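# Close look at the chain arrangement
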Amino acid sequence: MRHLPIRIALATVAATGFTALAGCGSDDSSTATTTSMSAAASPSVAADAQSILDSIPSPFADAPRPADTYLGSVDGTNAYIAVVVSGDKAVAFVCDGETTWAWPAGSFDNSRFALADPHGTTVDAQLEGSTVTGTVQINGTDHAFTAAPAQTNEGVYRTALDENGQTFTVGWIVREEGGRGLERSATGTLRNAVNISQDDGTDRRQDEQNEQRRCEELERDLADARATLSALQARPREGGNIQMVALAQQRLDRLINAQC
């Protein structure tokens, strides 16, 4: 998966309603209010964080990412975290491609981050050199994380989509290791989940003790991977979507090579 641009894979999923993926979209703390490809923050997002949110590119547009963007994994969860810094303010995005979606915002002072959203997600972290380390609280539980500067084909993406009179905010994190994404409405409805990992299925391929179960699980994964890739390919081939499509294709190729 590291040989293809990761953005390819994420872009296709967002274009249509996914049948096999659940999405990372807009939440109450970041409700979009426009029908354009730029997402607007809701009143619950700190006003001084708005410029940072505005700087985060759409996954369906070829736009540069903010310079100070850090990406990592959240320990003990399947979530990724992105931290974007501008001056003495910062915004984070936490998403697991299933149910977790949060955009905590706040201060960056003396190399320390103190971020929060209205629903209890907080980030307490420190920038040391080029690495952000700290904890993110999700549903009342603290989880450690480490985030490093985003590489060429990595990034965080955000935009607003209007469908049938309802606005959804799209949120994606693309890393070399995989992609996480969701779309969320102002009422909290989640859809179009993206959850792709490079090591997907590795443990099952290594476990040959129950071949029948392994083959059955592999068939389900293959069906999911095909549906995911198809949904992503229906999206515009631009921006973060290019990388997400690549991830989805790589995952499918791995599973095909491992099939019984």
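Residues numbered from 1 in each chain as written. Predicted model: local features only at pLDDT ≥ 70, side-chain atom pairs only at ≥ 80, totals over all residues. Heavy atoms only, no water.

- As named in an unreviewed UniProt entry, the chain is Lipoprotein, taken from Antrihabitans spumae.

### Comments concerning the state of the cysteines
- Scanning the model with the defined rule gives one disulfide in all.
- Disulfide pairing places Cys 215 opposite Cys 260 at an S-S distance of 1.8 Å. Judged by the torsion about the S-S bond (-105 degrees), the Cys 215/Cys 260 disulfide is left-handed. With Cys 215 in helix 4 (residues 211–233) and Cys 260 in the segment after helix 5 (241–258), the pair connects residues that are 45 residues apart, well separated along the chain. (Disulfide = S-S within 2.5 Å. Helix = DSSP H or I, 4+ residues; strand = E, 2+ residues; numbered from the N terminus.)

### Observations regarding the layout of surface pockets
- Taken as a whole, the largest pocket holds about 190 Å³ of empty space.
- Lining the largest pocket we find 13 residues, and of these Trp 101, Ala 102, His 119, Thr 121 and Asn 139 sit closest to its centre.
- The residue makeup of the lining of the largest pocket, split by class, is three nonpolar, seven polar and three charged. (1 Å grid on protein atoms, 1.4 Å probe; cavity = no way out; pocket = protein on both sides within 12 Å on 5 of 7 lines; lining within 4 Å. Points joined across faces, edges and corners; volume = space filled by probe spheres on them. Nonpolar A, V, L, I, M, F, W, Y, C, P; charged D, E, K, R; others polar.)

### Considering the sheet that holds strand 12 (residues 178–185)
- Strands sit in the order 10-11-12-13 across an open sheet of four strands; the sheet is antiparallel. Every interior strand has two partners, whereas the edge strands, strand 10 (155–163) and strand 13 (190–197), have only one. Going across the sheet, the axis of each strand differs from the next one's by a mean of 15 degrees, ignoring polarity.
- Together, strand 10, strand 11 (166–175), strand 12 and strand 13 form the strand contacts of helix 5, whose direction differs from that of strand 13 by roughly 60 degrees. (Pairing = 2+ DSSP bridges. Axes fitted to C-alpha atoms, helices over the stretch in contact; angles between N-to-C directions. Contact = heavy atoms within 4.5 Å.)

### A short note on the packing of aromatic side chains
- Considering all chains together, one arrives at five aromatic pairs under this definition.
- Ring centres 4.1 Å apart and planes at 15 degrees place the aromatic pair Phe 93 and Trp 103 in the stacked group. With a gap of ten residues between them, Phe 93 in strand 3 (residues 89–95) and Trp 103 in the loop between strand 4 (101–102) and strand 5 (105–109) connect regions that are remote in the sequence.
- Clustering of aromatic rings is evident, with ring pairs tying together Phe 93, Trp 101 and Trp 103. (Phe/Tyr/Trp six-rings, centres within 6.5 Å; stacked < 30°, edge-to-face > 60°.)

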